[in-house]
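What the coordinates show
Single-letter residue listing:
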Amino acid sequence: YEARPASGSVEMTGPKTVMVTWATQYYLTTAASPVAGGTASPASGWYDAGPVEIAAAANPGWGLLAWSGDASGRTSPQTLLLDGPKSVTAAFDRFYTVSGTVTLTGGGRLPSDVVLTVSGPETLTVRPGGDGTYAVAVLAGTWTVAPSLAGYSFAPVSRTAAVSADAPGLDFSG
C-alpha cells in the first residue's frame, strides 16, 4: 500500500504490506527587516533537504541591503543548501536619488557617450539624457559621482555626497 497523500491512515483488516518512503526535511526560517522594506521567500516552513531558492522582493522605494544569517551578499534570488535547520533575513534599506545635470561650457548638445561613474558601497554607471540630466537610485551611504568623456574635462572633476535623503544638484560642466 502506498499512501497518497503522504499522511493518512491504513485500516489493518488483514495481512497488508505498508511501504513508507521517508524524506529528510529541515526547517527554514525566513524574515524581512524592516517588514515595511519588503518580503523574503519562501515562507518559513519545512522543506526537503537539498537546494532551496530564496528571494527578496523590495517594496517601492526600498532595496535589498544584504542577506544575513545563513545567507549573505545582495544576490536575489540565490540558492541555499538546506542541510540542517537554516535561518535567513533579508535586510532592506531605503533607496534615494542622486541627480544633477551635465552641461557643456558655451552650450551645445551633450554628446551621448558621456558616462557618469557613481562610486560608493558599489559602483554604478549611468548616462545622462539628451538634456544632460541624470538620476540614479542608491542606498544610504557616501557616494562620489564623476563624469567622463574622451577629450573633455569637467568641473568639478567629481562630487561627493553623504546620502541619507535624495541628493539633487550634483552638477558638472565641461
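Just so it is clear, the structure is predicted and the values come from calculations on it, not from any experiment.

Definitions and limits used
Residues numbered from 1 in each chain as written. Predicted model: local features only at pLDDT ≥ 70, side-chain atom pairs only at ≥ 80, totals over all residues. Heavy atoms only, no water. Helix = DSSP H or I, 4+ residues; strand = E, 2+ residues; numbered from the N terminus. Rg over C-alpha atoms; globule rule 2.2 N^0.38 Å. Buried < 20%, exposed > 50% of the residue type's maximum accessible area, 1.4 Å probe, protein only. Contact = heavy atoms within 4.5 Å. Areas by Shrake-Rupley, 256 points an atom, 1.4 Å probe, with all protein chains shown as cover. Pairing = 2+ DSSP bridges. Axes fitted to C-alpha atoms, helices over the stretch in contact; angles between N-to-C directions. Salt bridge = Lys/Arg side-chain N within 4 Å of Asp/Glu carboxyl O. Phe/Tyr/Trp six-rings, centres within 6.5 Å; stacked < 30°, edge-to-face > 60°. Patch = residues over 30% accessible without salt bridge, like charges linked within 9 Å, V, L, I, M, F, W, Y side chains within 5 Å. Polar contact = N/O pair within 3.5 Å; in protein donor to acceptor, adjacent residues only side chain to side chain.

Before going further, it helps to spend a moment on the overall build of the chain. Secondary structure summary: the chain contains 0 helices and 13 strands in total. Traced from its N-terminal end to its C-terminal end, the chain shows the element sequence β-β-β-β-β-β-β-β-β-β-β-β-β. Scaling as 2.2 N^0.38, a compact globule of 174 residues should have a C-alpha radius of gyration of about 16 Å, whereas the chain reaches 26 Å, well beyond that. The C-alpha extent of the chain, read off along each of the three principal axes, is 100 × 30 × 25 Å. Scored against the burial criterion, the 174 residues of the chain give a buried share of 30%. Sequence separation of 24 or more characterises 51% of the internal contacts of the chain that already satisfy a separation of 6 or more. Here the chain displays about 10200 Å² of accessible surface, and carbon together with sulfur accounts for 54% of that area.

On to the sheet that holds strand 6 (residues 78–82). With antiparallel pairing, 3 strands are arranged side by side in an open sheet as 2-4-6. A single partner strand is all that each edge strand has here, and the edge strands are strand 2 (38–41) and strand 6. Going across the sheet, the axis of each strand differs from the next one's by a mean of 25°, ignoring polarity.

We now examine the pattern of salt bridges. Under the criterion given, the structure shown has 2 salt bridges. For the salt bridge of R74 with E122, the shortest nitrogen-to-oxygen distance reads 2.7 Å. You can see R74 sitting in the loop between strand 5 (62–69) and strand 6 and its partner E122 sitting in the loop between strand 8 (115–119) and strand 9 (123–126), a full 48 residues away along the chain. The class of R74 is partly exposed, set by a relative accessible area of 36%. Between D83 and K86 there is a salt bridge, and its shortest N-O distance comes to 3.1 Å.

Here the structure, examined in full by the defined rule, presents 2 aromatic pairs. Judged by centre distance (5.3 Å) and plane angle (75°), the rings of Y27 and W46 are edge-to-face. Taken as a pair, Y27 in strand 1 (residues 25–33) and W46 in strand 3 (residues 45–48) lie far apart in primary sequence, 19 residues in all.

The next thing to look at is a nonpolar patch on the surface. On the surface, V10, M12, V18, V20 and W22 cluster together to form a nonpolar patch covering roughly 550 Å² of accessible area. Among the secondary structure elements, V20 is positioned in the segment before strand 1.

Attention now moves to the sheet that holds strand 12 (residues 159–163). Reading across the sheet, the 4 strands line up as 9-8-11-12 and stay open at both edges, with antiparallel pairing between neighbours. The sheet terminates laterally at strand 9 and strand 12, the two strands that pair on one side only. Going from strand to strand, the sheet's axes swing by 20° on average, the running direction of each strand aside. Pairing geometry for strand 8 and strand 11 (residues 141–148), over 5 bridges, is antiparallel.

Now for the side chain of K86. Examined against the element boundaries, K86 turns out to sit in strand 7 (residues 86–103). A distance of 3.1 Å separates a polar atom in the side chain of K86 from a polar atom in the side chain of D83.

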